[in-house]
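# Examining the three-dimensional arrangement
Residue-level listing of the chains:
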Amino acid sequence: MPIDIDIAHVAKLARIELSEEEMAAYRAQLGVILDHAAKVQALPTEGVPPTSHPLDMVNAFRDDVVTSSLDRDEVLSQAPDATDGFFRVPPSLDNE
Amino acid sequence: MKWEPVIGIEVHVELETASKMFCGCAVDFEAEPNTNVCPVCLGLPGALPVPNRKAIEWITKIGLAFNCSISERSQFHRKNYFYSDQPKNYQISQFDVPVCHDGWLDVMVDGVTSRIRINRAHMEEDTGKSIHVGDSGRIHSATETLLNFNRAGVPLVEIVSEADIRSAAQARAYAQDLRTVVAALGVSDAKLEEGSIRFDANVSIRPVGTEPFGTKVEVKNMNSFRSLERAVDYEIHRQESVLKSGGIIHQETRHWDEGEGVTHSMRSKEGSSDYRYFPEPDLLPIEVTDEWRDAIAATLPEMPAARVLRYVALGADADSAASLAGSAALATLFESAVEAGAPGNVAANWLTGEVTAWSRRESLDVAESALTGEHVRDLAAMVAANSLSSTAAKEVLGYVLAGEGGPVEVATAHDLVQISDSGALEEAVDEVIADNEEQFARLVGGEDKLIGFFVGLVMRVTGGKADPRAVTEIIRSRIG
Amino acid sequence: MTELSQLTLVEAAAALRAGDCTSVALTESVLDRASLTEASVHAYLTIDRLGALAAAEASDRRIADEKPIGLLDGLPIALKDNMMTKGIETTASSKILSGYIPPYDGTVVRRLREAGAVFVGKTNLDEFAMGSSTENSAYGPTRNPWNLDTVPGGSSGGSAAAVAAGSALAALGSDTGGSIRQPAALCGLVGTKPTYGLVSRYGLIAFASSLDQIGPLTRSVQDAAILYEAIAGHDPHDATSFPGPAPSGTERLGAGVEGLRVGVVNELSADGIDDEVVAAFRATVDRLEKAGAEIVELSLPSTATALSAYYLIAPAECSANLARFDGVRYGLRVAGSTVDEMMSLTRAEGFGSEVIRRILLGTYALSAGYYDAFYGQAQRVRTLIIQEFARAYEQVDVLVSPTAPAPAFELGAKTQDPLSMYMQDICTIPSNLSGHPAMSVPVGLSASGLPIGFQVMAPALGETVMFQVASAIEALSDDIGRPVLEVVAS
């Protein structure tokens, strides 16, 4: 039984603009895939810790030392829109 | 119906490390835009974060200063949300296992001390800076946004209190005392006006005597301690009047408007609160062993509260002690003055009074002046010996601060040394009495206010250098 | 001329030392091969002819001075286009990075450059490494040189096809769920995924951070071991990088399998696997036994759930890793009246449907109310898989299985059904979840002349024994020869 998903909400969280047809198609596909993925729920995992890193290590740090930064011109040359040393984007709907 | 405010405060502290949290770009707020950026803090494809060990030491230091427990193992998480100043569109932060947890800060308001519990202090990274450009200059009619990523990735410590605060004044005191502690640690210059420390308040109210919390409102954009108090106070009253008129409080974020003195509702960001936290796969867990924690604890300076008590024991009154403890420069001067032999209360008064006033007038840090602890001692001694009137002493202090030399040197050079030697004064008094027999007779007869007349004449005759109290005493003795 | 392009790295290095050829000649041979084959194979997105020849010339000067940097000096290698190369367009086969020129080299790229390797160009892949056929590329599919109507596998299909076609002597790919091993199997190559953490991910465009690894696609096991050793080793730019020394890949090549215990994973050796593949697999297992290995049949039941766990973990991590592609700082931007609109339109246009599918899936699996049941549970299942593998390795030295469930399938055969495409990875996914090393060795051809691969898996940091067994299998297997490509001279 495919799982039902609020695809419009998920697409909004992911910032991907989808048409109604696309949403319907993805909703159906995701339902099928999630149904399969939900098999994980059949395994008993009480008391089993989750794995975030395959290697059991801790504390990979760097020293507090300044290293060279990128050249601004090179960085901004790849920007879709830049002016006066700044990246430029359209306004946000609600500003901080 | 009596309402009780229930307030929690969230603080963000920018750490003054040399390099950023996850990359080697310099932390430099004066730099030209986008000149301290690299693949990591710009969120370029393929970039990976590597944590700054010093930042971990410093957050541990902060946690210890607030009596927190340090998690033996803590974990970075990704906090996912889209915003143009957030290069990866997620922030590396901490979720359920922060570095520090369960601490407190004791805060005094109107002589009453309360313990405000601290839930956690966790490590995260700052965002870039947005400049909203618009034709009317008002934020809500921006036509474009300019982005500078120099600040992106600067280490940030977030400190979250429990909702233990019960008034706007207490909120302010908590914020100020917290700031003092952080500044004393040397991990951040913690300047509210500059944004290196930032405060948000969570405000709710409930009927007095009840337990359940009311709906809380987040208040942002308080850029001074005074506006923090005003904003919290306003919000408490706003919520009271809403409830009184039968309305309900909406859980939302409100923006403090200092000019209008009100909080405005920010358009609610739909869905933005689902941050989909998950453990950061690019970073290993942080392990702070007992040894490491103890080594960091050994670097903690004396905390302000303990210092205040010590200064009181040295002779300063409570208020002066607090002011001295809150300023590194004044504290140093106070301690060296006392060590040099100055009486504690006198040194404290000079430092918190005239010296502080000078600092404000000249817009200079006391540390930049030429004043030493020995100077304070000498000044105090001269006043005690009556070689300087209190007016003259203030003038002398000014010259000392300006770097002209020690108090004795300066007082002599400016001819401010007071004559308190009784022989010289008696001579002057007798001279004046002899020249003003009629007035002296009236003084002896009971016109007591003529004392001032004679003191004034003696002052004139001595070029203003006589000690007026000593003069007065001698005149009285002549009355018989 | 084409002869040179068919050499292994070891043979080519020997030829260079002996003065039998120059690096320029090697490089030109490979470039000529590309000219002949690219119209039909389309292994490459970018060929850097000038850069390659300049590097080759520099190598030749060093070799003439008898100062080669190492074995790789002067050898033409291809790089998957999800590796950042300074000054050379890098697209991850996506429209969202069309024309993007990186300002830095990834660590592995830098190491190979410093070793004197000659970079031929950037190869095609499934967009953002998501796929098993390279059909998800925004720039058109790559075709399998063994049969141009079939897929080369994915997501490192371009790298595999280039080596198989002769337009590179070796290549680097990346493997998150099998993306090096499966294309290697489908194209008759050796494909190696090292232990997670042994090869730096700095500069690899991230798909699933806890699963991704860079590794070599080569014509021989020895080549694989050498290229692995050249790229492995701690990197301070990668916090997940293993801090200790990388285990040797070459030490026990040719040492045989006498006395080694080889585990056959029951769950991965029959169900859902093509008959021909099973037959080739069993035949190879028999050869190992005859060569002195002890064969142990093992059951690892958790592997049956590995695919499900993977399709929660990988999309979840990728949904966050791909959030940075938003039209703000680089890449495609589609205009919008607000920044949110701009981002949403940019991503909708810039990402292909498989990428969107996975981002949506991952976002959902992490979202409020669903985290525990999906992502959280998948990470716990992952622990079970690791524990099961650990118990298995108490009984055996290596585990074996087929690499891919079937030989190369036809283009378009699986594009309508995402799940059937995902099933390509059932044998390869478990070692991504566990972080263990695994590699594919070609062991035969199907009746229709398509390569079949055999997978060797070893415990974490078990590269030495893994390469040892792989080299034995190579020696025991018939040489499958080279694909016969009908090429059009351009």
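Residues numbered from 1 in each chain as written. Chains lettered and ligands numbered in written order. Predicted model: local features only at pLDDT ≥ 70, side-chain atom pairs only at ≥ 80, totals over all residues. Heavy atoms only, no water.

Facing the 32 residues of chain B at the interface are 38 residues of chain C. Roughly 2600 Å² of surface becomes buried between chain B and chain C when both sides are summed, with 63% attributable to carbon and sulfur atoms. Between Asp282 of chain B and Arg201 of chain C there is a salt bridge, with the nearest N and O atoms lying 2.8 Å from each other. Summed over the shared surface of chain B and chain C, the result is 17 residue pairs in polar contact (both at pLDDT 80 or more). Ranked by residues supplied to the side of chain B that touches chain C, first place goes to helix 1 (residues 39–42) of chain B with three residues. Classifying every residue of the side of chain B that touches chain C gives 22 nonpolar, five polar and five charged. (Contact = heavy atoms within 4.5 Å. Buried area = accessible area lost by both parts, 1.4 Å probe. Salt bridge = Lys/Arg side-chain N within 4 Å of Asp/Glu carboxyl O. Polar contact = N/O pair within 3.5 Å; in protein donor to acceptor, adjacent residues only side chain to side chain. Helix = DSSP H or I, 4+ residues; strand = E, 2+ residues; numbered from the N terminus. Nonpolar A, V, L, I, M, F, W, Y, C, P; charged D, E, K, R; others polar.)

Right, let's talk about the interface of chain A and chain C for a bit. On the chain C side, the residues contacting the 50 residues of chain A number 61 residues. In total, about 4800 Å² of surface goes out of reach between chain A and chain C, with carbon and sulfur atoms giving 71% of it. On inspection of chain A and its partner chain C, the count reaches two salt bridges. Where chain A meets chain C, there are 17 residue pairs in polar contact (both at pLDDT 80 or more). Elements with a minimum of two residues in the side of chain A that touches chain C: helix 1 (7–13), helix 2 (20–37) and strand 2 (86–89) of chain A. Considering each element in turn, the side of chain A that touches chain C owes the most residues, eight residues, to helix 2 of chain A. For the side of chain A that touches chain C, the per-class residue count stands at 34 nonpolar, nine polar and seven charged.

Before going further, it helps to spend a moment on the packing of aromatic side chains. Scanning all chains against the criterion turns up 25 aromatic pairs over all chains. Where Phe453 of chain B meets Phe454 of chain B, the ring centres are 5.2 Å apart and the plane angle is 80°; that geometry is what we call edge-to-face. Take Phe453 of chain B: its relative accessible area is 31%, and that puts it in the partly exposed class. The exposure class of Phe454 of chain B is buried, given its relative accessible area of 0%. Members of the aromatic cluster, joined through ring pairs, are Tyr100, Phe128, Phe325, Tyr330 and Phe351 of chain C. In this structure, Lys88 of chain B is placed above the aromatic ring of Tyr90 of chain B, and the distance from its NZ or CZ to the ring centre is 5.3 Å. It is Lys414 of chain C that lies over the ring of Phe409 of chain C; its NZ or CZ is 5.2 Å from the centre. (Phe/Tyr/Trp six-rings, centres within 6.5 Å; stacked < 30°, edge-to-face > 60°. Buried < 20%, exposed > 50% of the residue type's maximum accessible area, 1.4 Å probe, protein only. Lys NZ or Arg CZ within 6 Å of the ring centre and 35° of its normal.)

With that settled, consider the packing of helix 2 of chain A against helix 10 (residues 303–321) of chain C. Remark: helix 2 of chain A packs on helix 10 of chain C, axes separated minimally by 8 Å, with the N-to-C direction vectors making an angle of 125°. As judged from the angle between their axes, helix 2 of chain A and helix 10 of chain C are oblique. Judged by residue contacts, Leu34, His36 and Ala37 of chain A of helix 2 of chain A engage Leu307, Ser308 and Leu312 of chain C from helix 10 of chain C. Here the residues of the contact of helix 2 of chain A with helix 10 of chain C sort into four nonpolar, two polar and no charged. (Axes fitted to C-alpha atoms, helices over the stretch in contact; angles between N-to-C directions. Parallel < 35°, antiparallel > 145°, perpendicular 65-115°, else oblique.)

Moving on to the pattern of salt bridges. For the structure on display, the rule yields 47 salt bridges over all chains. In this structure, Arg307 of chain B and Glu302 of chain B form a salt bridge, with 2.9 Å as the shortest nitrogen-oxygen distance. On the basis of relative accessibility, which here comes to 27%, the residue Glu302 of chain B falls in the partly exposed class. Here Glu297 of chain C and Arg282 of chain C are joined by a salt bridge, their closest N and O atoms 3.1 Å apart.

Residues and elements named next belong to chain C. Of all nine residues making up helix 6 (residues 157–165), nine are buried, and the element is well covered by its neighbours. Restricting attention to buried positions, one finds in helix 6 the residues Gly157, Gly158, Ser159, Ala160, Ala161, Ala162, Val163, Ala164 and Ala165. After helix 6 finishes, the residue Gly166 shows a positive phi value of roughly 95°.

A word on the sheet that holds strand 14 (residues 262–265) of chain B. Hydrogen bonds along the backbone pair up the strands of a sheet, which may run parallel or antiparallel. Residues and elements named next belong to chain B. On the basis of which strands lie adjacent, the open sheet formed by nine strands has the order 2-6-7-10-1-11-12-13-14 and mixed pairing. Either end of the sheet is taken by a strand with one partner, and the two such strands are strand 2 (69–70) and strand 14. Here strand 7 (residues 112–125) pairs with strand 10 (residues 155–161) via seven bridges, running antiparallel. Following the sheet pairing, Glu125 is matched in strand 10 by Pro155. Contacting strand 2, strand 6 (100–109), strand 7 and strand 10, helix 2 (residues 53–65) crosses the sheet at an angle of about 165° to strand 7. (Pairing = 2+ DSSP bridges.)

Take the confidence of the model for chain C next. Predicted confidence across chain C gives a mean pLDDT of 96, with 99% of residues reaching 70 or more. We note a pTM of 0.87 for the whole complex and an ipTM of 0.96 for its interfaces. (pLDDT = per-residue confidence, 0-100.)

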